[in-house]
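Take a look at the letters that make up each chain.
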Amino acid sequence: MATIGLTTRLSRMGAASVLTAAAVAVPALLPTTATHADAATASAQALRVAASKKGSPYQWGAAGPYRFDCSGLTLYSFDKAGKKLPRTTGAQYNSTTHIGASSRRAGDLVFFHTGGSVYHVGIYAGSGKIWHAPKTGTRVRLEKIWTGSVWYGRVR
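Residues numbered from 1 in each chain as written. Predicted model: local features only at pLDDT ≥ 70, side-chain atom pairs only at ≥ 80, totals over all residues. Heavy atoms only, no water.

A word on the pairing of strand β2 (residues 109-114). Counting buried residues along β2, 5 of its 6 residues qualify, which places the element largely inside the surrounding structure. Sheet topology note: the β2/strand β3 (residues 117-126) ladder contains 6 bridges and is antiparallel. The partner of Leu109 across the bridge, within β3, is Ile123. Turn length for the β2-β3 hairpin, with the two strands adjacent in sequence and antiparallel, is 2 residues, and the turn residue Gly115 shows positive phi of about 60°. Note that β2 and strand β6 (residues 150-154) share 4 bridges and pair antiparallel. Of the residues in β6, the one forming a bridge with Phe112 is Val150. (Buried < 20%, exposed > 50% of the residue type's maximum accessible area, 1.4 Å probe, protein only. Helix = DSSP H or I, 4+ residues; strand = E, 2+ residues; numbered from the N terminus. Pairing = 2+ DSSP bridges.)

Written out as structure tokens, the structure reads:
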């Protein structure tokens, strides 16, 4: 009886190893899945880069590595993660895949808007918060989203 139990456990372990190997290998074989995984990895890395810039001073037109404006921080963060973004907030909005609030995830971009035009951008950190470079006289920080006038974009 003990031999059968051991054989069954070894057989299950082998099956689990095969399933684990397949789960790791198959996404690389499917271009669409690999692209989504790469984008998620880049977004997570960009989020870490933005967080590492906590306390950096805001400077209009600056894109790092020591000073940032809002779109400069997102540009710098995604660049370090291997993804290219345009320089301005509006161009960044136009270059992303637009998603609803219910689909947002950490690493997505959050665009603040008035009417039809965006005026500010940050990187979604989860729990209703963003990393951003707010305005002159402030520093890069984590802050709660303060308005419902936001749109979300996912970097491709």
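Still to come is the rest of the account.
As a rule of thumb, nonpolar side chains are buried together in soluble globular proteins. Ranked by internal contacts, the top residues of the largest apolar core, which has 24 residues, are Phe68, Phe78, Leu85, Leu109, Phe111, Ile123 and Val140. Where this core is concerned, the elements lending two or more residues are α2 (31-52), α3 (70-80), β2 and β3. Beyond its immediate chain neighbours, meaning those up to four positions away, Leu109 contacts Thr74, Phe78, Leu85, Gln92, Thr96, Val121, Gly122, Ile123, Trp151, Tyr152, Gly153 and Val155. Core analysis: the second largest hydrophobic core is formed by 8 residues, Phe112, Tyr124, Ile145 and Tyr152 among them. (Core = buried A, V, L, I, M, F, W, Y, C linked by side-chain atoms within 4.5 Å. Contact = heavy atoms within 4.5 Å.)

Each aromatic ring pair is described using two quantities: the centre-to-centre distance and the angle formed by the ring planes. Under the defined criterion, the tally for this structure stands at 5 aromatic pairs. Each ring, one from Phe68 and one from Tyr76, has its centre 5.3 Å from the other, and the planes form 65°; the classification is edge-to-face. For Tyr76, a relative accessible area of 14% puts it in the buried group. With a centroid separation of 4.4 Å and an interplanar angle of 10°, the aromatic rings of Phe112 and Trp146 are classed as stacked. Here the residue Phe112 occupies a position in strand β2, and Trp146 occupies one in the loop between β5 (141-144) and β6, the gap between them amounting to 34 residues. Overall, Trp146 belongs to the partly exposed group, its relative accessible area being 45%. (Phe/Tyr/Trp six-rings, centres within 6.5 Å; stacked < 30°, edge-to-face > 60°.)

Honestly, that's just the spatial picture; any functional story needs more than this.
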